[in-house]
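# Structural overview for review
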Amino acid sequence: MKTKAFIMDEKSIKRALTRISHEIIERNKGIENLVIVGIKSRGVPMAKRIVSIIKDIEGETVPYYSLDISMYRDDVNNVGSININEESEMDVKDKVVILIDDVLFTGRTVRAAMDAIIDQGRPRKIELAVLIDRGHRELPIRADFVGKNVPTSRNERVTVHIEELDGLNQVLIQE
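Reading guide: rules and limits
- Residues numbered from 1 in each chain as written.
- Predicted model: local features only at pLDDT ≥ 70, side-chain atom pairs only at ≥ 80, totals over all residues.
- Heavy atoms only, no water.
- UniProt positions renumbered as here; feature names shortened; annotations may be inferred.
- Buried < 20%, exposed > 50% of the residue type's maximum accessible area, 1.4 Å probe, protein only.
- Helix = DSSP H or I, 4+ residues; strand = E, 2+ residues; numbered from the N terminus.
- Pairing = 2+ DSSP bridges.
- Salt bridge = Lys/Arg side-chain N within 4 Å of Asp/Glu carboxyl O.

Looking at an unreviewed UniProt entry, one finds the protein named Bifunctional protein PyrR and attributed to Dethiosulfatibacter aminovorans DSM 17477. Looking at the Subunit (unreviewed entry) heading of the UniProt record, one finds this comment for the protein: "Homodimer and homohexamer; in equilibrium." Listed in UniProt under the heading Sequence similarities (unreviewed entry), the comment for the protein reads: "Belongs to the purine/pyrimidine phosphoribosyltransferase family. PyrR subfamily."

Structure follows, in structure tokens:
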């Protein structure tokens, strides 16, 4: 794929995640009853960063979980694959769950994540935080916290590189 545009660098990603962390705290009037859930794979390191930023601000650690939604996808054939992972221990009952992902596109990943979370218990509320909202929704889902809105065409791809997985921090549009 050819790189069309450079959208965010390391500093802009850090600023966006810091702003999102502040907005989460402000909207929820603190961190009581909050749970942070990162969607594998790139939502996980972003969620860990948000947990760290919130700890720096509030002086307390918010409970954190990673979520593998592969069994909940409606666009992938998962026959015969059972994936038991850490969300089986997830405590979300009566909590405000902040769901973290890198890019919001059609909404199908978020829908699958909400199904997985609700299977663990009934949260009081689920809020969505994404680094990039690129539009093109197929389901009525919107992010509560957005790092950057990036209009794209359907044939373009938003690529997020996170240091913990890729060795660098950047966001690109590729075609």
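There is more to say, and it comes next.
### Brief notes about the pairing of strand β8 (residues 170-174)
The buried fraction of β8 is high, at 5 of 5 residues. Alternating positions in β8 separate into two faces, Q170, L172 and Q174 on one and V171 and I173 on the other, with burial throughout. Where strand β7 (residues 157-161) meets β8, 5 bridges bridge the pair, whose relative direction is antiparallel. Looking at β8, one finds that T159 is bridged to L172.

### Digging into the UniProt feature "short sequence motif: PRPP-binding" (unreviewed entry) in the protein
Within this numbering scheme, the UniProt entry marks residues 97-109 as carrying the feature "short sequence motif: PRPP-binding" (unreviewed entry). Annotated as 15% helix and 62% strand, the span residues 97-109 places its first and last C-alpha atoms 16 Å apart.

### Some points on the pattern of salt bridges
A complete count under the given rule lists 12 salt bridges for this structure. In this structure, the salt-bridge partner of D166 is R42, at a minimum N-O distance of 2.6 Å. With D166 in helix α4 (residues 163-166) and R42 in the loop between β2 (34-39) and α2 (43-58), this pair connects stretches of sequence that are 124 residues apart. Three or more residues joined by partner-sharing salt bridges are found here, namely R27, R142 and D144.

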